[in-house]
Amino acid sequence: MTRRTARTKKPASSPRRPKKANRKSIDPVIASRLKETPEQQLVVGPLVQYLADQGWDLEQMIYGKAEWFVPKTPSEQTKREKGRSYNGFPVDIAVFDSAKTVSDPSHLLFLIECKQPD
């Protein structure tokens, strides 16, 4: 009679976490425009640096201490279009088609809203 040895099961593979990105230094100009919050320092700054590395001009972006606001309602949008003050939601990064057209809503290309890392 042969004795069988119990086979051990391979442990279930744990979900792999993505490798931490190499923390690349952020340009001092970008860093100087950021707020002192974890979201700004750990998410917005590196994302703006990435956009700059991809060829976007810093002067065509609004981010950090200078915020871009999206009107909360259509009536608030009308106020903005008339040049009056309006209530809006702040956006972390707003990118316009050129440095000359920054802040002009008709030249806005895209918005990015970031979340604080866990």
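What you are looking at is a predicted structure, and each value in this text was computed from that prediction instead of being measured.

Peer 1: Run through the pattern of salt bridges, naming residues and quoting values.
Peer 2: This structure, assessed with the given rule, holds 3 salt bridges. With a shortest N-O distance of 2.5 Å, Glu 67 and Lys 35 are connected by a salt bridge. Of this pair, Glu 67 sits in strand E1 (residues 61-71) while Lys 35 sits in the loop between helix H1 (28-32) and helix H2 (38-53), and the two are 32 residues apart along the sequence. A residue is classified by how much of its surface remains accessible, and Lys 35, at 27% relative accessible area, is partly exposed. Glu 76 is paired through a salt bridge with Lys 79; the nearest N and O atoms lie 3.3 Å apart. Of this pair, Glu 76 and Lys 79 are both found in helix H3 (residues 74-81), 3 residues apart, which corresponds to roughly one turn of the helix. Judged by relative accessible area, Lys 79 falls into the partly exposed class, the value being 26%.

Peer 1: I'd like to hear about H2, residue by residue, with values.
Peer 2: Here H2 contains 16 residues, and its C-alpha end-to-end distance of 22 Å stays within 8% of the 22 Å for a straight helix at 1.5 Å per residue. The largest bend in H2 amounts to roughly 35° and is located at Val 44, with the proline Pro 46 lying one to four residues further along. Among the residues of H2, those classed as buried are Glu 39, Gln 40, Val 44, Gly 45, Val 48, Gln 49 and Leu 51. Those residues of H2 that are buried are in contact with H1, E1, strand E2 (88-96) and strand E3 (108-112).

Peer 1: So what's going on with the packing of aromatic side chains? Which residues, and what values?
Peer 2: Taken as a whole and judged by the stated rule, the model has 2 aromatic pairs. Taking 5.1 Å as the distance between ring centres and 80° as the angle between the ring planes, the aromatic pair formed by Trp 68 and Phe 96 counts as edge-to-face. Taken as a pair, Trp 68 in strand E1 and Phe 96 in strand E2 lie far apart in primary sequence, 28 residues in all. By relative accessible area, which is 7% here, Trp 68 ends up buried. Residue class for Phe 96 comes out buried when judged on its relative accessible area of 0%. Over the aromatic face of Phe 89 sits the side chain of Lys 72, whose NZ or CZ is 5.2 Å from the ring centroid.

Conventions adopted
Residues numbered from 1 in each chain as written. Predicted model: local features only at pLDDT ≥ 70, side-chain atom pairs only at ≥ 80, totals over all residues. Heavy atoms only, no water. Salt bridge = Lys/Arg side-chain N within 4 Å of Asp/Glu carboxyl O. Helix = DSSP H or I, 4+ residues; strand = E, 2+ residues; numbered from the N terminus. Buried < 20%, exposed > 50% of the residue type's maximum accessible area, 1.4 Å probe, protein only. Expected span 1.5 Å × (residues − 1). Bend = angle between axes of the 7 residues up to and from the residue. Contact = heavy atoms within 4.5 Å. Phe/Tyr/Trp six-rings, centres within 6.5 Å; stacked < 30°, edge-to-face > 60°. Lys NZ or Arg CZ within 6 Å of the ring centre and 35° of its normal.

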